[in-house]
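What the coordinates show
What follows is each chain in one-letter form.
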Amino acid sequence: MKSTNAIDTVFTRLSEAQGQIRSKTLLDLFAGDPNRFKKFSLTFENCLFDFSKHLIDRHSFDLLIKLIEECDLEARRDDMFAGVPINTTEGRPVLHTALRGREAGNLVVGFQNIDHDVTIMKNRCRAFAQAIRDGSKSGTGGPFTDIVNIGIGGSDLGPAMAYRALGPYRDGPRCHFVSNVDGADLSDVLGIIEPETTLFLVASKTFTTQQTMTNARSARAWLVSALGEEAVPDHFAALSTNLYATDAFGVKKDHTFGFWDWVGGRYSIWSSIGLSLMTAIGPEQFENFLNGAAEVDQHFCRAPLAQNIPVVMAALGIWYRNFWGLQSHAILPYDNRLSRFAAYLQQLDMESNGKSVSGKGLPLSWDTGPVVWGEAGTNGQHAFYQLLHQGTTVI
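We now turn to the structure provided with this report. Small disclaimer: the values here were computed from a predicted structure and weren't measured.

The contact between helix α4 (residues 58–70) and helix α14 (residues 309–323) brings their axes to 10 Å, and the two run at 105°. Put simply, α4 runs roughly perpendicular to α14. In contact with Ser60, Phe61, Leu64, Leu67 and Ile68 of α4, α14 contributes Val311, Val312, Ala315, Ile318 and Trp319. Partitioned by chemical class, the residues of the contact of α4 with α14 number 9 nonpolar, 1 polar and no charged.

Across the sheet, 5 strands lie side by side as β8-β7-β9-β10-β11; this open sheet has parallel pairing. Each having just a single partner strand, β8 (174–178) and β11 (256–257) make up the two edges of the open sheet. Note that strand β7 (residues 146–150) and β8 share 5 bridges and pair parallel. Bridge pairing in β8 links Ile147 to Cys175. Relative to the sheet, helix α8 (residues 183–190) contacts β7, β8 and β9 (198–203), its axis offset from that of β8 by approximately 165°.

This paragraph deals with the side chain of Thr198. Positionally, Thr198 belongs in strand β9. Among all residues touching Thr198, those that are not within four sequence positions of it are Phe144, Asp146, Val148, Ile193 and His235.

A few words on the packing of helix α1 (residues 4–21) against α14. Packed helix pairs are specified by the crossing angle of their axes together with the interaxial distance, meaning the distance between the axes. Contact geometry for α1 and α14: axes closest at 11 Å, N-to-C directions at 80°. When the axis of α1 is compared with that of α14, the two are roughly perpendicular. Residue-level inspection shows Phe11, Leu14, Ser15, Ala17, Gln18 and Ile21 of α1 in contact with α14, the latter providing Trp319, Asn322 and Phe323. Here the residues of the contact of α1 with α14 are counted per class, giving 6 nonpolar, 3 polar and no charged.

Cut-offs used in this document
Residues numbered from 1 in each chain as written. Predicted model: local features only at pLDDT ≥ 70, side-chain atom pairs only at ≥ 80, totals over all residues. Heavy atoms only, no water. Axes fitted to C-alpha atoms, helices over the stretch in contact; angles between N-to-C directions. Helix = DSSP H or I, 4+ residues; strand = E, 2+ residues; numbered from the N terminus. Parallel < 35°, antiparallel > 145°, perpendicular 65-115°, else oblique. Contact = heavy atoms within 4.5 Å. Nonpolar A, V, L, I, M, F, W, Y, C, P; charged D, E, K, R; others polar. Pairing = 2+ DSSP bridges.

Here is the structure:
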């Protein structure tokens, strides 16, 4: 990070800029600049990011970009992609980006060739998913018709969100997602599947997550009561690195798929945690999913800050949370298949930014994030939009 004094100076100037724009409406801003949409919108591939309807002008926008420059974002970003251990709490790199569909290289972390390891695991997952899809790997009653992913947090939110979002591409077994330790969650799923044609994926890096393992043991007991103990190895797979625990549970070694300590749970959809999704949409479409993520990574790495969509989104978040004092951020997708997107972003944003100290352990003097919530747009219109449009709280 650059000079703290320089950051404080930009903060002061941003506070002054907010005071100047505070009395203006969006109508005022558009009336004062006929080219406002062109100036405050960005495109990437076939996506349009329109931020012209935000309470911002050129002066405040330039100051926000200046703030991000002073925080040395570009160097921090480059460190992340290079495998520098930016997770200072655990002394680990943050390399979920290495899982995505970028060109394989020779990224080495701790004398370990990350790209080589990722390729091996990805190929194992592809072969397993394809074998389920073509029926060459099956249950005691024939080809698998259902997959039950048992996880929690990132081991559930990511694949559950993407499975629903990519509904038009699903042509494999049905997938079900169990996360709540309340027995009703698992019971409802067990009531609509057949043990002979169901595969359970237990998603837990350590294979000790309390809620996940409670559900996994209940699922195992259900299967054993129907098919016997000998059926467990064929009907269970594990997304974990604890081979001792998975073996003790009854999972075969070739049914166990690991990932690495540099993959945070909330970013793990790109790893073997995405196996349920890969099986549902097929390895080829899953590769397209990875490639799309890699294209966004490249945009984030290469686009100038003022034309960089992730950076501008972050800048707007800082602007509203710290200079307007707005505490709540609503995500309102109008595509019904994105109904789990808000829940996914809750974890991605609030778990990542929910901090009260800096990387050096010092108390922060600014707010690090909003409360993220949301609902599919048309449903929200009949639930809470009156507060958004006519209430006294700005969202």
